[in-house]
Amino acid sequence: MKVLLAEDEPILARAVRNVLHRAGLTVDVVHDGRAAVEHLRSQEYEAVVLDRDLPLLSGDEVCRYIVAHHVSTGVLMLTASVTLADRVAGLHTGADDYLTKPFEFPELIARLRALQRRSGPRTPPELRFGELRLDPFTHQAFRGGTLLPLSPKEFRILEQLLRAQGGVLSAETLLQRAWDEHADPFTNSPRVVISTLRKKLGKPWPIETVPGVGYRVVHT
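Residues numbered from 1 in each chain as written. Predicted model: local features only at pLDDT ≥ 70, side-chain atom pairs only at ≥ 80, totals over all residues. Heavy atoms only, no water.

Description of the overall build of the chain
Stage number 1. Check the secondary structure of the chain and you find 8 helices and 11 strands.
Stage number 2. Of all 220 residues assigned to the chain, the portion counted as buried reaches 47%.
Stage number 3. Restricting the contact set of the chain to residue pairs at least 6 apart, pairs at least 24 apart contribute 57%.
Stage number 4. A total of about 10700 Å² of accessible surface is found on the chain, and carbon and sulfur atoms cover 55% of it. (Helix = DSSP H or I, 4+ residues; strand = E, 2+ residues; numbered from the N terminus. Buried < 20%, exposed > 50% of the residue type's maximum accessible area, 1.4 Å probe, protein only. Contact = heavy atoms within 4.5 Å. Areas by Shrake-Rupley, 256 points an atom, 1.4 Å probe, with all protein chains shown as cover.)

Examining the packing of helix α2 (residues 33–42) against helix α3 (residues 59–69)
Stage number 1. Following both chains from N to C, one finds α2 and α3 inclined at 15 degrees, their axes separated by 9 Å at the closest point. It follows that α2 is roughly parallel to α3 by the angle criterion. By crossing handedness, the relation of α2 to α3 is classed as right-handed. Packed against α2, whose contacting residues are Gly33, Ala36, Val37, Leu40 and Arg41, the element α3 presents Val62, Tyr65 and Ile66 at the interface.
Stage number 2. Partitioning the contact of α2 with α3 into residue classes produces 6 nonpolar, 1 polar and 1 charged. (Axes fitted to C-alpha atoms, helices over the stretch in contact; angles between N-to-C directions. Parallel < 35°, antiparallel > 145°, perpendicular 65-115°, else oblique. Left-handed = near helix turned anticlockwise from the far one by under 90°. Nonpolar A, V, L, I, M, F, W, Y, C, P; charged D, E, K, R; others polar.)

Quick word on α2
Stage number 1. All of the buried residues along α2 are Gly33, Ala35, Ala36, Val37, His39 and Leu40.
Stage number 2. The inward-facing, buried residues of α2 contact β1 (2–6), β2 (26–30), β3 (47–51) and α3.
Stage number 3. In this structure aspartate 32 caps α2, since a side-chain oxygen of it lies 3.0 Å from the backbone nitrogen of arginine 34. (Polar contact = N/O pair within 3.5 Å; in protein donor to acceptor, adjacent residues only side chain to side chain.)

A word on the environment of histidine 92
Stage number 1. Its location among the elements puts histidine 92 in helix α4 (residues 84–92).
Stage number 2. It is 9.3 Å that separates the C-alpha atoms of histidine 92 and aspartate 60, two residues lying 32 residues apart in sequence.

Some thoughts on the sheet that holds strand β7 (residues 132–135)
Stage number 1. The 4 strands lie next to each other as β6-β7-β8-β9, forming an open sheet whose pairing is antiparallel. Looking at strand neighbours, the two that pair on one side only are β6 (127–129) and β9 (146–147), the edges of this open sheet.
Stage number 2. As judged from the 4 bridges shared by β7 and strand β8 (residues 140–143), these two strands associate in the antiparallel manner. Within β8, the position partnered with aspartate 135 by the bridge is glutamine 140. (Pairing = 2+ DSSP bridges.)

Regarding the environment of serine 72
Stage number 1. Mapped onto the fold, serine 72 is located in the loop between α3 and β4 (74–79).
Stage number 2. Classification of serine 72 as partly exposed rests on a relative accessible area of 41%.
Stage number 3. A C-alpha to C-alpha distance of 8.9 Å links serine 72 and tyrosine 45, two positions 27 residues apart in sequence.

So, the sheet that holds β4
As a general point, the strands of a sheet are linked pairwise by backbone hydrogen bonds and lie either parallel or antiparallel.
Stage number 1. Sheet architecture is open: 5 strands sit in the order β2-β1-β3-β4-β5, paired in parallel fashion. Each edge of the sheet is formed by a strand with only one pairing partner; in this case those strands are β2 and β5 (97–100). Neighbour-to-neighbour, the strand axes of this sheet turn through a mean angle of 20 degrees, independent of strand direction.

A few points about the side chain of aspartate 28
Stage number 1. When you line up the elements, aspartate 28 lands in strand β2.
Stage number 2. Within the buried core, aspartate 28 has no salt-bridge partner, and the shortest N-O distance to an opposite charge, that of lysine 2, equals 4.3 Å. (Lys, Arg positive; Asp, Glu negative; His and termini not counted. Salt bridge = Lys/Arg side-chain N within 4 Å of Asp/Glu carboxyl O.)

What about unusual backbone geometry?
Stage number 1. In this chain, lysine 101 is followed by proline 102 through a cis amide linkage whose omega measures -10 degrees.
Stage number 2. On the secondary structure map, proline 102 appears in the loop between β5 and α5 (105–118).
Stage number 3. Cis geometry is found at the peptide bond from lysine 203 to proline 204, where omega equals -5 degrees.
Stage number 4. With respect to the element layout, proline 204 can be found in the loop between α8 (189–201) and β10 (207–210).
Stage number 5. Although it is not a glycine, histidine 139 adopts a positive phi angle of roughly 60 degrees.
Stage number 6. One can find histidine 139 in the loop between β7 and β8.

Have a look at this one:
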């Protein structure tokens, strides 16, 4: 899951980013509303964690932009206000969910997972293909009945391939979906991660290279 975090408090933004990374999410961070819109124009995100009180462009204005231009992107609004009127006003701008500061990190992750299930094309809580089974919520992946000891990056790559259900994903697509904005577009990281992922999945390899095109999962 790729998330844009728009939060103007650097310490909180850093803490949230670290927690989401540990949960296996890919996170880009911005500190004002104008930067959030610029990122949304150039990147695809499944969800935006949006502070309502952003500088330069308010969270409400960013939310309206998302509703108008990115209908499949879920919005989780953050606010320091505890009043019902404020929460209702935030939801009226088009936010899908609302979380009041201070909040517990497990609840934030659970709400983002719920947004992922509701936003865009419906996907089952568990992803399955052949012997492979992956649960984004518990962050566990299996081949047959064997739990796979995957790194966060390997997990995200496998998740994207399973979501494609046999469709071919290019290295560029995997970079966009499974790496953050600082990834080098000319890196060979997808090839390296897939190589280590194959070793952990074991033979016969369920990930196939399509020469000159990309990668896909296959039945073994």
